[in-house]
Amino acid sequence: MLEASQGASGPTAPVRLVDLGATNSLTRSLTGIGEVDRVFGGGLVPGSVVLIGGEPGVGKSTLVLQVAAAMSRSHRVLYVTAEESAAQVGDRAGRLGAAEPGLDVLAEVDVGSVERVVDGGGYRLVVVDSVQTMRVGDVAGPPGGVTQVRETAARLTELARRRGIPVILVGHVTKDGSLAGPKVVEHLVDAVLYLEGDPDRGLRYLRGLKNRYGSVAQVGVFEMTGAGLVEIPDPSGLFVGDAIGVMPGTVVFPALCGRRTLLVEIQALVAGTSAPQPRRSVTGLSPRRVHQLLAVLHRHGSVDCRSCDVFVSVVGGLVIDEPAADLAAALAIASSRLGKPLGPMAAMGEVGLAGEVRPAGGADARREELARFGIDRVVSGGRGRSISEALLAAGIRPERGRHLRAAGP
Ligand code: TYD
Ligand code: MG
């Protein structure tokens, strides 16, 4: 997209890399919302485009309005609403305490009109809600279609580059893919963040899928309240119950999310079934890895779940994609299968196909966070450590054959 803004003035000349310096880090603007700045990688970069995706109703408009309001305390901000009327946005802003004098609202669906307003407006941040309801006049196809969505994102990216201001785009993601979603524009923009939710607890997670200016491992945690999204800067306690390890099938996992460690509880329920195809239901972890763990537990740990339904989930709706969560999931499964509570303990380590348990990276940070919550029993991977040793270390003693009868619920 850089070429697009330089095309008219002819070919560009190379510059010395050292002359460019670290300008980005100097000119980033903090939004003032810590959990947002964390995921942005330390604030918004001038001339960059951030796409915030999520399912309808998860809270994208709420989040971007709060960001716009926070930024407008120090900069002029334009909030373009292409879905709701200006009055509806005003109404919401009133409830959120987001009605700031530096924040302008423009109800507009035409990209060209937005460009004219931004060119004459002196704005330092532009928010467009949403990319699927905007249209570019001379492009065919309905709003929300692939052509319109792509062209809208391209034009707004060009606007961001040309004016040197950050632009935040909102994009809907639907499970059935009925709208041309953020996937269509991911390659055009600098950062793609997803807002995900746990409907039961009102928790919301903002996580990076792509970020040219920061780490995608960061997760911002919020709670949806009557007054909008409230930051949760220290969420570990939320995910770990008081009665940890009292019931069979629960193990704490210290997850590394960027520079922060979050304690999460991994739960498993293993229940006997006579169905020919036992169920496997996995939430918050990779189903493929859980299937692999079941095979490793059977083959190398004498824990047989073949005639059982298996449910595994991460409490609180967080998605964990670290292999280091393997051991915690495996121990939770074994604990439930054998009906044996493990007490307050945590586990970390990657389980390999040969039944070996490798150490987790960042072990010191993880142990530190566990210690903060008084969990000092940690089963972890290590050189030459096997899954059967890890089971023993957790106090689980499967006796070949016997548990098949003993643990049926
Ligand atoms: P919204 O931001 O409109 O979601 P999206 O733009 O992703 O479609 O908000 C979604 C829900 O959040 C809506 O059903 C009402 C709820 N909500 C609150 O609980 N508290 C609030 O302060 C606001 C503004 C919304
Ligand atoms: Mg919305």
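Residues numbered from 1 in each chain as written. Chains lettered and ligands numbered in written order. Predicted model: local features only at pLDDT ≥ 70, side-chain atom pairs only at ≥ 80, totals over all residues. Heavy atoms only, no water.

A. Fine view of the pattern of salt bridges. Applying the stated rule across the entire model yields 21 salt bridges. For Asp 110, the salt bridge identified is with Arg 135, shortest N-O distance 4.0 Å. Placement of Asp 110 in the loop between β3 (103-107) and α7 (111-119) and of Arg 135 in the loop between β4 (125-129) and α8 (146-163) is noted, with a sequence separation of 25 residues between them. Relative accessible area serves as the criterion here: at 16%, Asp 110 is assigned to the buried category. Its salt-bridge partner being Arg 358, residue Glu 350 comes within 3.1 Å of it at the nearest N-O pair. In this structure Glu 350 comes out as partly exposed when scored by relative accessible area, which is 25%. The exposure class assigned to Arg 358 is partly exposed, which follows from its relative accessible area of 34%. Bridged by salt links that share partners, the residues Arg 289, Asp 326, Glu 350, Glu 356 and Arg 358 form one connected network. (Salt bridge = Lys/Arg side-chain N within 4 Å of Asp/Glu carboxyl O. Helix = DSSP H or I, 4+ residues; strand = E, 2+ residues; numbered from the N terminus. Buried < 20%, exposed > 50% of the residue type's maximum accessible area, 1.4 Å probe, protein only.)

B. Layout of the site of ligand 1. Within the structure, ligand 1 sits among 16 residues, and Gly 57, Lys 60, Ser 61, Thr 62 and Thr 225 are positioned closest to it. Between ligand 1 and Thr 62 there is a distance of 2.5 Å, counted from an oxygen atom to a side-chain nitrogen or oxygen. In this structure, Arg 92 approaches ligand 1 through a side-chain N or O atom, which is 2.9 Å from an oxygen atom. Coverage of ligand 1 by the protein amounts to 72% of the 560 Å² it exposes when considered alone. Among the secondary structure elements, those contributing two or more residues to the shell around ligand 1 are α5 (60-71), α6 (86-96) and β8 (219-225). Residues belonging to the shell around ligand 1 are distributed by class as follows: five nonpolar, seven polar and four charged. (Near = heavy atom within 4 Å. Polar contact = N/O pair within 3.5 Å; in protein donor to acceptor, adjacent residues only side chain to side chain. Areas by Shrake-Rupley, 256 points an atom, 1.4 Å probe, with all protein chains shown as cover. Nonpolar A, V, L, I, M, F, W, Y, C, P; charged D, E, K, R; others polar.)

C. How the structure looks around the domain arrangement of the protein chain. As assigned here, the protein chain comprises domain 1 (26-233) and domain 2 (237-393). Computed from C-alpha atoms alone, the centre-to-centre distance between domain 1 and domain 2 is 36 Å. Domain 1 puts 15 residues into the contact, and the matching count from domain 2 is eleven residues. Between domain 1 and domain 2 the total buried area reaches about 1,100 Å² when both faces are included, carbon and sulfur atoms providing 50% of it. Linking domain 1 to domain 2 there are one salt bridge. A salt bridge links Glu 35 to Arg 260; the nearest nitrogen and oxygen atoms lie 3.1 Å apart. Scanning the region where domain 1 abuts domain 2 turns up five residue pairs in polar contact (both at pLDDT 80 or more). Among the secondary structure elements, those contributing two or more residues to the side of domain 1 that touches domain 2 are α4 (34-40), β6 (191-198), β7 (203-211) and β8. Among the residues making up the side of domain 1 that touches domain 2, the classes are represented as seven nonpolar, two polar and six charged. (Domains from an automatic or database assignment. Contact = heavy atoms within 4.5 Å. Buried area = accessible area lost by both parts, 1.4 Å probe.)

D. Inspection of the pairing of β4 at higher detail. Within β4, five of the five residues are buried, which leaves the element mostly enclosed by the surrounding structure. Side chains Leu 125, Val 127 and Asp 129 project from β4 onto one buried face, and the interleaved Val 126 and Val 128 project onto a second face that is buried too. Of the strand pairs in this sheet, strand β2 (residues 77-81) and β4 are connected by five bridges, and their pairing is parallel. Among the inter-strand pairings, Thr 81 is bridged to a residue of β4, identified as Asp 129. Across four bridges, β4 lies against strand β5 (residues 167-172) in parallel orientation. (Pairing = 2+ DSSP bridges.)

E. Structural context of the environment of His 75. Within the secondary structure, His 75 sits in the loop between α5 and β2. His 75 gets classed as buried once you look at its relative accessible area, which sits at 18%. In contact with His 75, other than residues within four places in its own chain, are Ser 29, Gly 102 and Arg 124. Side chain to side chain, His 75 and Arg 124 meet in a polar contact 3.4 Å long.

F. Structural detail: the environment of Arg 162. As for its position among the elements, Arg 162 is in helix α8. Taking the relative accessible area as the measure of exposure, Arg 162 reaches 40% and is therefore partly exposed.

G. Focus on the confidence of the model for the protein chain. Model confidence for the protein chain is summarised by a mean pLDDT of 89, while 91% of its residues fall at 70 or above. pLDDT under 50 marks residues 401-409. Its contacts with residues more than four places away, or in other chains, come to 14 contacts. (pLDDT = per-residue confidence, 0-100.)

H. Layout of α5. Here α5 is twelve residues long and its end C-alpha atoms lie 16 Å apart, about the 16 Å a rise of 1.5 Å per residue gives. Most of α5 is tucked away, with twelve of its twelve residues classed as buried. Turning to α5, its buried residues number three or more, namely Lys 60, Ser 61, Thr 62, Leu 63, Val 64, Leu 65, Gln 66, Val 67, Ala 68, Ala 69, Ala 70 and Met 71. (Expected span 1.5 Å × (residues − 1).)

I. Expanded view of unusual backbone geometry. With an omega of 5°, the peptide bond between Asp 129 and Ser 130 qualifies as cis. Secondary-structure assignment places Ser 130 in the loop between β4 and α8.

J. Local environment of the packing of helix α10 (residues 287-301) against helix α11 (residues 326-338). Contact geometry of α10 with α11 gives a least axis separation of 10 Å together with a crossing angle of 60°. Regarding the angle of α10 to α11, the classification is oblique. Every pair of crossing elements has a handedness; the one defined by α10 and α11 is right-handed. Note on element contacts: α11 touches α10 through Asp 326, Ala 329, Ala 330, Ile 333 and Ala 334, opposite Arg 289, Val 290, Leu 293, Leu 294 and Leu 297. The class makeup of the residues in the contact of α10 with α11 is eight nonpolar, no polar and two charged. (Axes fitted to C-alpha atoms, helices over the stretch in contact; angles between N-to-C directions. Parallel < 35°, antiparallel > 145°, perpendicular 65-115°, else oblique. Left-handed = near helix turned anticlockwise from the far one by under 90°.)

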